[in-house]
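Each chain is listed here by its residues.
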Amino acid sequence: MSTPHPALQKLRTHLTFLPENILQQLLEHLHQTIHYRPVIGIMGKSGTGKSSLCNALFRSSVCATHPLTGCTREAERLTLELGDRQMTIVDLPGIGETPEYDHEYSTLYQRLLPELDLIVWVLRADERAYAADIAMHRFLLAEGADPSRFLFVLSQADRVSPANEWNSKDITPSLQQQASLAAISARAAGLFPSSFPVLPVAAPSGWNLPAFVSLMIHALPPHATSAVFSHFRQENCSEQGQQQAREDFGKSAGDSFDQIISTFSLPSWMLVLLHRVRQKIIDLLVTLWDKFF
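Everything quoted here is computed from the prediction, not taken from an experiment.

Student: Before we move on, could you go through the environment of L78 and cite the residues and values that matter?
Tutor: Looking at the element boundaries, L78 is found in strand β2 (residues 76-82). Taking the C-alpha atoms as reference points, L78 and V90, 12 residues apart in sequence, are found 6.3 Å from one another.

The following block contains the structure:
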């Protein structure tokens with residue numbers, strides 16, 4: 001293990017009752033989780049606002065934008081750095097430009113899927129032409145992609161008809177726009193089956209981004225939640241989202257603890273003791289979450 005996190009060194013003093021070999025493996029797992037570098041893919045047709053959404057979600061400006069044409073021809077890896085913490089955004093080329101590009105991109109997507117912790121699929125709220133998205137989504141599912149790794153979002157919600165009713169002062173849709181967005185979200189959810197709801201957002205103004213951040217936290221695998229959470233813009237984070245990140249950190253540690261002790265041949269009395277202290281260890285880690293992230 002490389003230089004341990006200072007808080008891990010202090011944690012060790014609270015866990016001296018654990019057998020040294022178990023303690024060492026648990027600390028190694030925690031080190032890997034704390035320094036985990038998540039990878040998130042951004043998918044969707046050109047012009048849907050993928051880059052704008054990235055820039056609005058995260059603390060760093062991560063994607064180039066262009067108002068008229070697709071600005072990404074290859075999967076561009078963009079590294080976000082926050083102190084000694086890093087994560088990667090894979091800005092995937094937009095689908096639906098030409099059949100030739102889509103055929104090329106499908107092979108690219110297929111190759112990249114295994115390394116992505118989450119795939120955010122951006123659809124425009126003010127259009128109905130989702131045929132290219134549907135075809136690509138079905139192709140990826142047929143190739144074995146996990147449906148729970150896709151999170152669909154409707155961008156540019158402020159352009160939904162009647163666009164002139166958008167309240168720019170309060171940054172809210174009108175009642176009629178709200179009704180339209182609810183119908184569009186329901187339609188998209190039917191077209192793209194997912195474990196999570198389809199949320200509309202207006203990225204430049206920040207409308208509904210805190211709700212989308214909370215949804216991302218729920219959709220991420222537990223070992224990646226805290227690392228991603230630390231990169232979100234503060235204004236998009238909620239106490240509920242932070243609590244979910246804390247709990248996921250504890251859950252990941254608890255699962256690792258179970259896996260570690262299962263690899264040892266331990267007497268029954270020690271197994272009983274370890275299972276009794278398991279929750280106390282998790283509670284301690286959740287309490288110290290701020291020190292780690």
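Student: Outline the pattern of salt bridges, listing residues and values.
Tutor: If you walk through the whole model with that rule in mind, you get seven salt bridges. The salt bridge involving E115 is made with R77; its shortest N-O contact spans 2.8 Å. Here R77 lies in strand β2 and E115 lies in the loop between α4 (99-112) and β4 (118-124), a separation of 38 residues in the sequence. On the accessibility criterion, E115 (34% relative accessible area) is partly exposed. You can call R77 partly exposed: its relative accessible area is 46%. Between D255 and K251 there is a salt bridge, and its shortest N-O distance comes to 3.1 Å. Of the two residues, D255 and K251 both sit in helix α9 (residues 239-262), four residues apart, roughly one turn of that helix. By relative accessible area, which is 43% here, K251 ends up partly exposed.

Student: Please provide a residue-by-residue account of unusual backbone geometry, values included.
Tutor: Along the chain, S161 connects to P162 via a cis peptide bond; the corresponding omega equals -5 degrees. Position of P162 relative to the elements: it lies in the loop between β5 (150-155) and α6 (175-191). Of note, I171 is a non-glycine position whose phi angle comes to about 55 degrees, a positive value. Topologically, I171 is positioned in the loop between β5 and α6.

Student: Just give me the short version of the nonpolar core, but keep the residues and values in it.
Tutor: Judged by nonpolar contacts, the single largest core of 59 residues is most densely connected at L53, V120, F212 and F292. A total of seven residues in this core trace back to one element, the largest contributor, which is helix α7 (residues 209-219). Excluding residues that lie within four positions of it along the chain, L53 makes contacts with V120, V122, V153, V201, A203, L209 and F212. Counting residues in hydrophobic clusters, the runner-up holds 33 residues, among them V39, L112, I134 and A202.

Student: Would you mind going over the pairing of β2 in detail, with residue names and values included?
Tutor: For β2 and strand β3 (residues 85-91), the ladder comprises seven bridges, and the chain directions are antiparallel. When the sheet's bridge partners are listed, L80 is paired in β3 with M87. Here β2 folds back onto β3 in antiparallel fashion, the turn holding two residues, of which G83 has a positive phi close to 65 degrees.

Definitions and cut-offs
- Along each chain, residues carry numbers from 1 onward, in the same order as the chain's sequence is written.
- Thresholds applied to this predicted model are a pLDDT of at least 70 for local features of residues and 80 or more for the giving and counting of side-chain atom pairs; totals over whole chains, interfaces and linings are not thresholded and use all residues.
- The basis for the side-chain values is all heavy atoms of the structure; hydrogens and waters are excluded.
- Helix and strand labels come from DSSP, where a helix needs a run of H or I of at least four residues and a strand needs a run of E of at least two; each type is numbered from the N terminus.
- Whenever Lys or Arg places a side-chain nitrogen within 4 Å of a carboxyl oxygen from Asp or Glu, that contact is recorded as a salt bridge.
- Note on classification: 1.4 Å probe, protein chains only; a residue is buried when its accessible area is under 20% of the maximum for its type, exposed when over 50%, partly exposed between these limits.
- Take the buried residues of types Ala, Val, Leu, Ile, Met, Phe, Trp, Tyr and Cys, join any two whose side-chain atoms come within 4.5 Å, and each joined set is a nonpolar core.
- Two residues form a contact once any of their heavy atoms are found within 4.5 Å.
- In this description, strands pair whenever DSSP reports at least two bridges between them.

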